[in-house]
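Observations on the three-dimensional arrangement
So you can see what is in the structure, the chains are spelled out below.
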Amino acid sequence: MKKRMCFCSLVLFVFVSCNQVAQKEIPGMEMFEENPTTINWENPNEKVLETFQADVSVFSMNNREGTSVLRTKYRLSLKMDDKNILSRLDFSDEFVGENLRTVITNEEEILLLSSNQVEYRIPLQEELSDFSFLGIDNAYSRINLETVKKESLKLSFDINEKEKQKMIINIPNHYFLNNQVETRLSTQVMYDTTQETIAQIEYVSIHQDGTEVTTTIYPMYEEKDGIPIKIGSVTVVDSKAAGLLEGFEGVEYFNSIDEIPEISDEELEALAELGEIEEVENMKYGNPADLSYQETIIEMYNDIEINNLDEDLFKIIEE
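To start, this report covers the structure provided alongside it. Everything quoted here is computed from the prediction, not taken from an experiment.

**Section: the pattern of salt bridges**
Opposite charge on two side chains allows them to pair when their charged atoms are near. The final tally for this structure, using the stated rule, is 11 salt bridges. Of the charged contacts in the structure, one is a salt bridge between glutamate 161 and lysine 149, with a shortest N-O distance of 2.8 Å. Taken together, the positions of glutamate 161 in the loop between strand E8 (158-160) and strand E9 (166-170) and lysine 149 in helix H2 (residues 145-154) put the pair 12 residues apart, joining distant regions of the chain. Classification of lysine 149 as partly exposed rests on a relative accessible area of 28%. For glutamate 163, the salt bridge is made with lysine 166, and the minimal N-O distance between the two is 3.0 Å. Classification of lysine 166 as buried rests on a relative accessible area of 16%.

So, in structure tokens, the structure goes:
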């Protein structure tokens, strides 16, 4: 069954090679530096990832709110070969109820499990094009760039190799389903030709109201015995509103906490006595007339296990 290309992982569904994209340009890099992961690969000489497991923590930050929030945690398990991927997510109790704690997918269906019993089976719709050769769904280590280039040439994709150590594939918009809500404007995959990994994925869409949304995905890698291993990802969603709302002319606003003027303890106490102090729990930054925003989603992997999977994890979908 062929599937239309979808740039997302099962949870975020919204996914880096640090060599090709300057680290200072990637938000949240310090989180990876401050929280190093562990990678257990008993026999890296095999050089082929057949299974992959990791504890995943997903954080999100919005420039209009100025806070970082832990959205979810789960155990990711993957079983991979040249043709397909089996994926399993086991969510932490604190983020889900007792029901539907596990999601398992293959090329044909999604299973929702509770206490390892199937509660729902959702068939995946057959779609138009199989772009698995691009490595989007299997970017956990090196990718065969010769295959990527060969198959892209067959489909007459635009291939740009002018920049040093980069190969950029542009995918025509007609390969993506458009609807009344949004229309795809461009789709681009950038590869690091030195590391043979995906360096960046970018797609741009325009919504019915004129809002233009650019989503950029940076897979993050760390070397293990000379082999790049994915340790997470950073996704930046940059939404630009088409215009300003009316009715907010002359309203004072701040773009960050640093712009808010400070007052002395004496002034604070005096205002409190007058009853003019109000605590704001969810401060919103930026022009209230401008609905533009930038959201950053960070997936961080820890306790990575390679080629050390309990086969029983996928028994229920392989039967």
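Still more to cover.
**Side note on the side chain of glutamate 109**
One can find glutamate 109 in strand E6 (residues 109-114). A distance of 2.9 Å separates a polar atom in the side chain of glutamate 109 from a polar atom in the side chain of arginine 121. Those residues in contact with glutamate 109 that sit more than four places away from it in its chain are Ile104, Arg121, Ile122, Pro123, Leu124 and Ile317.

**Some points on the nonpolar core**
By size, the foremost hydrophobic cluster in this structure holds 36 residues, and its most contacted members are Phe52 and Leu76. At the level of secondary structure, the elements contributing two or more residues to this core comprise helix H1 (29-34), strand E2 (51-62), strand E3 (67-80), strand E4 (85-91), E6, strand E12 (212-224), strand E13 (227-240) and strand E14 (293-306). The greatest single-element share of this core, amounting to 6 residues, is contributed by E14. Apart from residues no more than four positions distant in its own chain, phenylalanine 52 is found in contact with Leu76, Ser77, Leu78, Met80, Tyr140, Ile229, Lys230, Tyr301, Ile304, Glu305 and Ile306.

**Quick notes on the pairing of E4**
Taken across its 7 residues, E4 has 6 buried, putting it largely inside the fold. Bridge analysis of E4 against strand E5 (residues 102-105) gives 4 bridges, and the strand direction is antiparallel. Among the inter-strand pairings, aspartate 90 is bridged to a residue of E5, identified as threonine 102.

**A word on the environment of asparagine 282**
One can find asparagine 282 in the loop between helix H3 (265-273) and E14. For the pair asparagine 282 and glycine 66, spaced 216 residues apart in the sequence, the C-alpha separation amounts to 9.2 Å.

Conventions adopted
- Residues numbered from 1 in each chain as written.
- Predicted model: local features only at pLDDT ≥ 70, side-chain atom pairs only at ≥ 80, totals over all residues.
- Heavy atoms only, no water.
- Salt bridge = Lys/Arg side-chain N within 4 Å of Asp/Glu carboxyl O.
- Helix = DSSP H or I, 4+ residues; strand = E, 2+ residues; numbered from the N terminus.
- Buried < 20%, exposed > 50% of the residue type's maximum accessible area, 1.4 Å probe, protein only.
- Polar contact = N/O pair within 3.5 Å; in protein donor to acceptor, adjacent residues only side chain to side chain.
- Contact = heavy atoms within 4.5 Å.
- Core = buried A, V, L, I, M, F, W, Y, C linked by side-chain atoms within 4.5 Å.
- Pairing = 2+ DSSP bridges.

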